[in-house]
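Residue-level structural notes
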Amino acid sequence: YKSAAIYSEGTVVNDTGGGICQVVTTLYNAAVKANMQITERRNHSFLPTYSDPGYDATVVYGSQDFKFKNTRNYPIKIVSDVSGGYCTVSIYGLKTENEPEISIETNIIKTMPKKSRGGSTGYVVDSFRVEKINGQVISREKIARDTYSAH
């Protein structure tokens, strides 16, 4: 682990392990799009610079985790890479007949103005797992309501 920016008690500080949330955020998005069942996920208290509202996931050693369950009828393979400042996560498995295309959509419920110069806007946002077949929406399920504090 390297020292990097983390959120701690309402402020941004440098600490060991900073940056792991960007990997977890990427894994979260891949897991939703691969139709995995998300069993544990929390958003950041402030919106991270690498994510739009409703698309992030955070972990804190010993208190907050990210977990998902493979509910498909076959095993999956997870491949991740960090290179050139970018993180990618791919989830591989067998595609079934008439399998929907899955995406995440968000709806911003409330916006809160920055509290200081250089601070960040706060949000309340609902996230949805959207399933489509041949471009037609077949289901839209709310998966979270996240709140990001302004600072």
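Presented here is a report on the structure given in the accompanying data block. (Residues numbered from 1 in each chain as written. Predicted model: local features only at pLDDT ≥ 70, side-chain atom pairs only at ≥ 80, totals over all residues. Heavy atoms only, no water.)

1. Here we look at the environment of Asn 73
The topology assignment puts Asn 73 in the loop between strand 4 (67-69) and strand 5 (77-83). Under the relative-accessibility criterion, Asn 73 is labelled exposed at 81%. (Helix = DSSP H or I, 4+ residues; strand = E, 2+ residues; numbered from the N terminus. Buried < 20%, exposed > 50% of the residue type's maximum accessible area, 1.4 Å probe, protein only.)

2. Points about the pairing of strand 8 (residues 122-133)
Looking along a regular strand, one sees side chains alternate from face to face of the sheet. The element strand 8 is extensively covered by neighbouring structure, given that 10 of its 12 residues are classed as buried. The pairing of strand 7 (residues 101-112) with strand 8 spans 11 bridges and is classified as antiparallel. What sits directly across from Glu 105, in strand 8, is Phe 128. With 11 bridges connecting them, strand 8 and strand 9 (residues 136-148) associate as antiparallel partners. Residue pairing in the sheet places Val 124 in a bridge with Thr 147 of strand 9. Between strand 8 and strand 9, which pair antiparallel one after the other, the connecting turn spans two residues, and Asn 134 there sits at a positive phi close to 55°. (Pairing = 2+ DSSP bridges.)

3. Section: the pattern of salt bridges
Counted according to the given criterion, the structure contains eight salt bridges. With a closest N to O distance of 3.7 Å, Arg 129 and Glu 141 form a salt bridge. Taken as a pair, Arg 129 in strand 8 and Glu 141 in strand 9 lie far apart in primary sequence, 12 residues in all. Through salt bridges with shared partners, a single network forms among Arg 41, Asp 56 and Asp 146. (Salt bridge = Lys/Arg side-chain N within 4 Å of Asp/Glu carboxyl O.)

4. Some points on the nonpolar core
Counting 14 residues, the largest nonpolar core has Tyr 28, Ala 31, Ala 57, Phe 66, Val 89 and Ile 91 as its most contacted members. Listing elements by their share of this core, those giving two or more residues are helix 1 (20-33) and strand 6 (86-92). Ranked by the residues each element gives to this core, the list is headed by helix 1, at six residues. When residues no more than four places from it in sequence are discounted, the contact partners of Ala 31 are Met 36, Ile 38, Phe 66, Phe 68 and Ile 91. (Core = buried A, V, L, I, M, F, W, Y, C linked by side-chain atoms within 4.5 Å. Contact = heavy atoms within 4.5 Å.)

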